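Survey of secondary and tertiary structure
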Amino acid sequence: MQRITAAKRALAAQAHRTFSQSAASLREPELPKMPAFDYTPPPYSGPPAAEILAKRKEFLSPSLFHFYKKPINIVDGKKQYLFDEEGRRYLDAFGGIATVCCGHCHPDVVSAVVKQMNRIQHSTVLYLNHAIADFAEALASKMPGDLKVVFFTNSGTEANELALMMARLYTGCQDIISIRNGYHGNAAGTMGATAQSIWKFNVVQSGVHHTLNPDPYRGVFGSDGEKYAKDVQDLINFGTSGHVAGFISEAIQGVGGIIELAPGYLPAAYSTIKKAGGLCIADEVQSGFARTGSFWGFESHGVVPDIVTMAKGIGNGIPLGAVVTTPEIAEVLTRRSYFNTFGGNPVCTAAGLAVLNVIEKEKLQENAHVVGSYLKERLLSLKDKYELVGDVRGRGLMLGLELVTDRKLKTPAKTEIVHVMEQMKDMGVLVGKGGYYGNVFRITPPLCFTKEDADFLVDAMGYTLSKM
Amino acid sequence: MAFWGRILKRALQPARPSSDAAALCSSYSTNAPPQLPRFDHLPKPYKGPSADAVLEKRKKFLGPSLFYFYEKPLNIVEGKMQYLFDESGRRYLDAFAGIVTVSCGHCHPEVLDAIIEQSKLLQHATTIYLHHAIGDFAEALTSKLPGDLKVVYFVNSGSEANELATLMARMYTGNLEMISLRNAYHGGSSGTIGLTALNTWKYSIPQGEIHHVMNPDPYRGPFGSDAKAYARDVQDHIDFGTSGKVAGFIAETIQGVGGAVELAPGYLKLVYDIVRKAGGVCIADEVQTGFGRTGGHYWGFETQGVIPDIVTMAKGIGNGLPLGAVVTTPEIASVMAQKIQFNTYGGNPVCSAGGHAVLRVIDKEKRQAHCADIGSHLISRLKELQQKYDIIGDVRGRGLMLGVELVTDRKEKTPAKAETLHLFEKLKE
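On a predicted model such as this, the values are computed, not experimentally measured, just so you know. Each chain has its residues counted from 1, following the order in which its sequence is written. Key to labels: chains lettered from A, ligands numbered from 1, both in the order written. For a predicted model such as this one, the threshold for reporting local features is a pLDDT of at least 70, and the threshold for listing and counting side-chain atom pairs is 80 or more; totals across whole chains, interfaces and linings nevertheless cover every residue. Just so you know, side-chain values use all the structure's heavy atoms and leave hydrogens and water out.

1. Brief notes about empty space enclosed by the protein
Cavities and pockets are defined on a 1 Å grid built over the protein atoms alone: a cavity is a set of grid points where a 1.4 Å probe fits but cannot escape, while a pocket is an open set with protein on both sides within 12 Å along at least five of seven lines, and lining residues are those with an atom within 4 Å of any such point. Grid points are joined across faces, edges and corners, and a volume is the space filled by probe spheres set on the points. For the structure on display, the rule yields eleven cavities of 30 Å³ or more. If you add up the space inside the largest cavity, you get close to 380 Å³. Along the wall of the largest cavity there are 30 residues; nearest its centre are Thr341(A), Ser159(B), Tyr185(B), Gly187(B) and Lys315(B). Mapped by element, the contributors of at least two residues to the lining of the largest cavity are helix 6 (156–171) of chain A together with helix 7 (158–173) of chain B. We count a stretch as a helix when DSSP gives it H or I for four or more residues in a row; a strand needs E for two or more, and each element gets its number in order from the N terminus.

2. Considering the sheet that holds strand 10 (residues 279–283) of chain A
Residues and elements named next belong to chain A. Strands qualify as paired when DSSP identifies two bridges or more between them. Reading across the sheet, the seven strands line up as 4-12-11-10-7-5-6 and stay open at both edges, with mixed pairing between neighbours. Looking along the sheet, the strands with just one partner apiece sit at the ends: strand 4 (149–153) and strand 6 (208–211). In this sheet, neighbouring strand axes are inclined to one another by 20° on average, regardless of whether the strands run parallel or antiparallel. Across three bridges, strand 5 (residues 176–179) lies against strand 7 (residues 246–250) in parallel orientation. Within the sheet, the bridge partner assigned to Ser 178 lies in strand 7 and is Ile 248. Axis geometry follows a simple rule: fit a line to the C-alpha atoms, using only the stretch in contact for helices, then measure angles between N-to-C directions, giving values from 0 to 180 degrees.

3. Looking at the packing of aromatic side chains
For Phe, Tyr and Trp, where Trp contributes only its six-membered ring, two rings pair if their centres lie within 6.5 Å, and the inter-plane angle classes them as stacked under 30 degrees, edge-to-face over 60, or tilted in between. With the rule as written, the count across this model stands at 33 aromatic pairs over all chains. Relative to Phe154(B), the ring of Phe137(B) has its centre 5.1 Å away and its plane inclined at 15°; by these criteria the two rings are stacked. Separated by 17 residues along the polypeptide, Phe137(B) in helix 6 (residues 132–142) and Phe154(B) in strand 4 (residues 151–155) bring together distant segments of the chain. Classification of residues uses two cut-offs on accessible area relative to the type maximum, computed with a 1.4 Å probe and protein chains only: under 20% is buried, over 50% is exposed, and between them is partly exposed. Owing to a relative accessible area of 0%, Phe137(B) belongs among the buried residues under this scheme. With centroids separated by 5.2 Å and ring planes inclined at 65°, the aromatic side chains of Tyr298(B) and Trp299(B) adopt a geometry described as edge-to-face. Among the residues examined, Tyr298(B) registers a relative accessible area of 7% and is labelled buried. By way of ring pairs, the aromatic residues Tyr127(A), Phe69(B), Tyr70(B), Phe96(B) and Phe424(B) are connected into one cluster. For the cation-ring pair, Lys451(A) lies above Tyr374(A), with the distance from its terminal atom to the ring centre recorded as 5.3 Å. Cation placement over rings: the criterion is NZ of Lys or CZ of Arg within 6 Å of the ring centroid and within 35° of the ring normal. Directly above the ring of Tyr83(B) sits Arg91(B), whose terminal nitrogen or CZ lies 4.6 Å from the centroid.

4. Digging into the domain arrangement of chain B
Residue and element names in this part refer to chain B. In terms of domain boundaries, chain B breaks down into domain 1 (158–313) and domain 2 (370–428). Any pair of residues with heavy atoms lying within 4.5 Å of one another is described as a contacting pair. Counting from both sides, the interface comprises 17 residues of domain 1 and, opposite them, 16 residues of domain 2. Between domain 1 and domain 2, roughly 1400 Å² of surface is buried when both sides are summed, and carbon and sulfur atoms account for 54% of that area. On the domain 1 side of the interface with domain 2, the three residues burying the most area are Tyr 219, Arg 220 and Arg 293, jointly 46% of the side's total. A pair is scored as a salt bridge if a Lys or Arg side-chain nitrogen falls within 4 Å of a carboxyl oxygen belonging to Asp or Glu. Counting the contacts that link domain 1 with domain 2 gives two salt bridges. In this structure, Arg 220 and Glu 405 form a salt bridge, with 2.7 Å as the shortest nitrogen-oxygen distance. As used in this structure description, the phrase polar contact means that two N or O atoms lie within 3.5 Å; if the pair is within protein, one of them must be able to donate a hydrogen and the other to accept it, and residues adjacent in sequence are counted only when both atoms belong to side chains. Summed over the shared surface of domain 1 and domain 2, the number is nine residue pairs in polar contact (both at pLDDT 80 or more). Listed by contribution, the elements that provide at least two residues to the side of domain 1 that touches domain 2 are strand 8 (254–255) and strand 9 (261–262). For this classification, the nonpolar set comprises Ala, Val, Leu, Ile, Met, Phe, Trp, Tyr, Cys and Pro, the charged set comprises Asp, Glu, Lys and Arg, and every other residue, Gly included, is treated as polar. Of the residues that constitute the side of domain 1 that touches domain 2, the class distribution is four nonpolar, ten polar and three charged. These domain limits were set by an automatic method or by a database of domain assignments. Accessible surface is computed with a 1.4 Å probe, and the buried area is the amount of it that two parts give up when combined, taken over both parts together.

5. Things to note about the nonpolar core
Throughout this description, the term nonpolar core refers to a set of buried Ala, Val, Leu, Ile, Met, Phe, Trp, Tyr and Cys residues connected via side-chain atoms within 4.5 Å. With 201 residues, the main nonpolar core has Leu139(A), Leu379(A), Leu457(A), Met461(A), Leu141(B) and Tyr267(B) as its most contacted residues. Apart from the residues lying within four places of it in its own chain, the contact partners of Tyr267(B) are Leu181(B), Val213(B), Met214(B), Pro216(B), Ala227(B), Tyr230(B), Ala231(B), Val234(B), Phe249(B) and Gln304(B). Residues Val149(A), Ala163(A), Ile176(A) and Ile193(B) belong to the second largest nonpolar core, which totals 28 residues.

6. Details of the interface of chain B and chain A
Interfaces are frequently sized by the accessible area removed from exposure as the parts join. The interface is formed by 107 residues belonging to chain B together with 105 residues belonging to chain A. Between chain B and chain A, the buried area comes to about 9300 Å², and carbon and sulfur atoms account for 66% of it. Scanning the region where chain B abuts chain A turns up five salt bridges. Ionic pairing is found between Lys55(A) and Asp136(B), a salt bridge with its closest N-O pair at 2.8 Å. Taken together, the links from chain B to chain A amount to 43 residue pairs in polar contact (both at pLDDT 80 or more). Of the residues belonging to the side of chain B that touches chain A, the class tally is 60 nonpolar, 32 polar and 15 charged.

Quick look at the structure:
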């Protein structure tokens with residue numbers, strides 16, 4: 001990928017402004033148009049949004065939240081588009097939270113699922129079935145080093161729970177180190193590893209330590225990865241017996257606002273952890289399956305973890321998670337019995353295999369890289385234009401755009417972002433929101449996202465920003 | 001020792017049948033062996049990898065801890081209602097249902113239909129957008145529950161459900177201590193491993209504030225069916241092992257993994273009272289007993305005449321779909337609402353549509369009554385066997401959740417481990 005340096009970019013932007021400013025001042029920004037798409041959803045005859053909202057309030061958890069003042073009733077999905085109850089089309093730039101990687105209702109995936117469902121949905125691993133074995137083999141083939149033993153679960157939380165337990169059993173140590181602002185799940189162990197107060201209930205967290213976040217934008221050491229990694233050593237030296245069970249991190253923090261770990265951080269942290277006898281766990285729940293332009297997020301940091309966890313994109317939305325590790329580490333589970341009733345069922349594993357095939361066949365990894373880079377460049381041009389855009393970051397189709405009311409102080413623009421999000425939705429673009437302060441746009445679309453989609457997204461955002 | 005539990009330790013034990021087990025098998029072989037009931041369905045021809053090839057791959061890519069049934073494990077490639085088919089098209093009566101999971105029947109047409117139709121429209125978008133399936137399913141589910149149990153949280157498994165229930169108990173009460181029964185199974189994640197009380201399933205990890213009380217096991221428990229005596233142990237634990245205040249108590253009404261052990265009658269009523277007085281909430285783990293399986297009632301806890309504060313469910317809820325749920329009262333839910341509680345896949349349109357179809361099938365096809373009917377017939381036939389063969393120590397359970405315990409000595413109740421394995425293999429053949 002060609003990197004246009006900041007200087008070159010500034011020059012280009014300046015040139016653009018010089019030439020187009022006069023023209024622009026004469027021209028009202030045009031309302032951006034959604035790219036064409038040849039699909040009409042079947043007519044919807046179910047309950048309307050208001051009725052659904054009422055039922056949710058009555059029968060579902062009160063902590064269930066939704067986006068938008070007027071939440072959308074999403075009834076149909078096709079590739080990178082979603083449709084509401086009136087058949088109105090939206091560009092899905094959030095992907096059901098970085099989950100739908102092949103595209104909504106991708107025909108190959110749906111066909112694999114339906115075919116398997118018609119044969120057998122569930123019997124458990126107590127009996128044999130080829131689907132689980134074939135998928136495990138295919139998944140292992142995507143892994144470097146000795147990572148070739150797969151455990152299937154039903155979610156990212158379950159995968160991380162299992163990974164943490166394996167690390168503790170393998171090393172005989174209790175302490176786990178995770179990164180502040182990370183998100184790893186919401187069960188007992190994973191809620192401890194998750195490091196944002198928003199997502200943490202007042203539970204007992206024994207054995208977990210949260211290290212400095214190597215955040216290039218807000219972090220105290222800027223982009224100096226190695227400086228942040230020293231905090232890991234500090235925690236080990238002063239907060240543990242000197243030996244730890246392991247370290248868990250995302251390659252790019254998803255829930256935390258698309259924060260790329262500062263360059264050089266992971267190799268340094270991994271080295272420190274290994275010296276303390278610990279295992280390195282890569283949480284690839286959001287960054288995995290080609291989303292970042294590499295197949296796995298950790299690859300771009302030049303490390304090989306001991307355990308990799310995954311979910312979300314693995315099944316294009318089907319409830320599935322997995323843990324991949326080495327035969328040596330996998331052996332710890334033979335000390336007792338670990339069993340997951342639904343995990344590895346034929347339908348979900350058939351879907352998983354179909355997803356891997358689609359990613360390869362449709363060159364989605366390359367697309368994520370090419371379209372993602374293009375999108376990032378265009379978003380950076382928004383940053384040049386609008387003071388409100390504090391930072392643009394990420395890789396491939398896992399991008400973030402942080403809004404601030406003051407570029408120096410980096411004051412989170414919490415109300416502004418809600419406004420922009422609403423406006424964009426009205427224009428037909430659905431994005432996600434995240435970050436500790438809730439001021440970061442999370443752009444994690446299905447990997448079949450096109451350049452035209454990218455243009456539409458940026459134009460819609462630009463249009464909204466221009467009116468503010 | 002119960003049928004289920006011992007299968008896991010089978011790997012190194014050769015089968016050495018006692019005379020009784022052999023007699024049991026041979027008495028049928030002198031007459032013609034029993035025939036499978038007729039069934040009008042031909043499985044599709046199977047062209048995939050053979051059992052050996054699959055086993056090879058499993059050993060290589062799925063780790064040494066993945067176990068399986070039978071010396072020669074079965075390659076199950078298709079299912080229809082209560083039957084399974086192997087690679088050669090041979091039909092088997094599925095009396096285990098993928099571990100009490102397939103409630104309506106394998107590939108039940110109505111459930112399949114609902115799932116397939118929804119899969120074509122939308123698999124996943126999350127609850128940050130609206131979709132009717134989740135609300136409709138929640139409404140239908142709560143209509144099956146008594147009292148004030150009307151707020152649903154959807155998750156993806158029984159473990160996740162029990163994790164959430166434990167969190168709720170602790171947040172709501174402000175207390176830490178949880179109480180569960182010895183011989184119980186509640187999950188395989190870090191919190192639920194603590195609640196689980198069978199060493200086979202417990203890894204050596206910190207369990208947090210958990211107390212495992214005496215199991216009110218009518219067959220093996222020291223107090224027989226005396227619920228009061230067992231309940232006293234709960235009070236004891238609270239009085240001497242905690243601050244006097246607890247977060248909650250969790251139990252299955254019929255222990256599944258533990259061997260279809262029914263809690264001594266009247267036990268839950270007494271314990272619920274004790275726990276509530278100590279400030280705790282009562283959690284009913286209906287992962288195996290729910291959805292009409294016990295016949296007389298829709299939910300296992302109803303057989304003990306109690307109303308829990310939180311109910312967890314999975315397995316049968318989706319006929320095999322990865323789906324779980326926690327249902328609780330608005331009061332408890334409101335405490336949880338102080339923070340975000342989110343599950344990415346939980347309540348997705350496909351699983352919700354599937355779950356809703358399951359509820360409809362159970363009602364329409366009167367499955368609960370059917371469980372009662374067939375269950376009582378089955379249990380009486382099993383009891384006949386018990387009359388005939390000394391090796392059958394106990395027959396227990398309700399509806400279609402039954403257990404048969406084999407012992408080599410009825411007085412000592414010595415577990416007939418080898419015999420069980422032998423019988424298990426023969427039954428499959």
